[in-house]
Amino acid sequence: MKKIFILLFVIIFIAIVIIFYPKQNFKKRELITELTPLECNLNKEHCFLEFNNKEIEIYFQKQPLEIMVENTLHIKNLGKIDNLNARFYGLNMYMGDIVEEFSSKNNKDYYADLVFSACAENIMRYRLELFSGEKSLNLYIDFDVKR
């Protein structure tokens, strides 16, 4: 009889945890529906961002950007960042996250090769967000890729 009460308690406890567990970890990103003009267009130019009182330069080797074509992303003057990686994800479409690890040229300049996938949207707005391991650097830039 005691085993039944313990088993019942465990089942109730698990049910409570499942019901009240914060659902934010499972929440999809909210998609944007209107593409506002970009401050900088990585399809045509090098972009500059401020980070730790430095001007960071970000650009793709091949412009304009194309889907299903390998391209090299360059980040210059970032400084030494351990385990630098980027997450690319769609802002106007669900494409999952593209995670890329960076190689360093001189402990301040980085590069990574990547390929963008396609979806039904004519213009796919991506966000490139930089991380040190799993910790966000709070440094990101949005850009468009045409289908």
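Below is a short write-up of the structure. No experiment lies behind these values; they were computed from the predicted model shown.

1. As for the sheet that holds strand β2 (residues 54–60)
The antiparallel open sheet is built from five strands, whose spatial order is β1-β2-β3-β7-β6. Each having just a single partner strand, β1 (47–51) and β6 (103–104) make up the two edges of the open sheet. With five bridges joining them, strand β3 (residues 71–76) and strand β7 (residues 110–114) adopt antiparallel strand pairing. Bridge pairing in β7 places Leu73 opposite Ala112.

2. Points about a nonpolar patch on the surface
Together, Met1, Ile4, Phe5, Leu8, Ile12, Ile16, Ile19 and Phe20 line one region of the surface with nonpolar side chains, adding up to about 920 Å² of accessible area. Turning to its location among the elements, Met1 is positioned in the segment before α1 (2–20). Exposure remark for Met1: the relative accessible area of 69% places this residue in the exposed category.

3. Some details on empty space enclosed by the protein
Counted according to the given criterion, the structure contains one cavity of 30 Å³ or more. Of the volumes computed, that of the largest cavity is approximately 30 Å³. Of the residues contributing to the lining of the largest cavity, the split by class is three nonpolar, one polar and three charged.

4. Quick word on the pattern of salt bridges
Tallying each qualifying case throughout the model produces four salt bridges. Between Asp82 and Lys80 there is a salt bridge, with its nearest N and O atoms 3.2 Å apart. Two residues, Arg127 and Asp142, come together in a salt bridge whose shortest N-O distance is 2.6 Å. On the criterion of sequence distance, the pair formed by Arg127 in strand β8 (residues 123–132) and Asp142 in strand β9 (residues 135–146) is long-range, its members being 15 residues apart.

5. Here's the deal with the environment of Ile141
Within the secondary structure layout, Ile141 lies in strand β9. In the structure, Ile141 is positioned 69 residues away from Thr72 in sequence and 16 Å away in space, judged by C-alpha atoms.

Thresholds applied
- Residues numbered from 1 in each chain as written.
- Predicted model: local features only at pLDDT ≥ 70, side-chain atom pairs only at ≥ 80, totals over all residues.
- Heavy atoms only, no water.
- Pairing = 2+ DSSP bridges.
- Helix = DSSP H or I, 4+ residues; strand = E, 2+ residues; numbered from the N terminus.
- Patch = residues over 30% accessible without salt bridge, like charges linked within 9 Å, V, L, I, M, F, W, Y side chains within 5 Å.
- Areas by Shrake-Rupley, 256 points an atom, 1.4 Å probe, with all protein chains shown as cover.
- Salt bridge = Lys/Arg side-chain N within 4 Å of Asp/Glu carboxyl O.
- Buried < 20%, exposed > 50% of the residue type's maximum accessible area, 1.4 Å probe, protein only.
- 1 Å grid on protein atoms, 1.4 Å probe; cavity = no way out; pocket = protein on both sides within 12 Å on 5 of 7 lines; lining within 4 Å.
- Points joined across faces, edges and corners; volume = space filled by probe spheres on them.
- Nonpolar A, V, L, I, M, F, W, Y, C, P; charged D, E, K, R; others polar.

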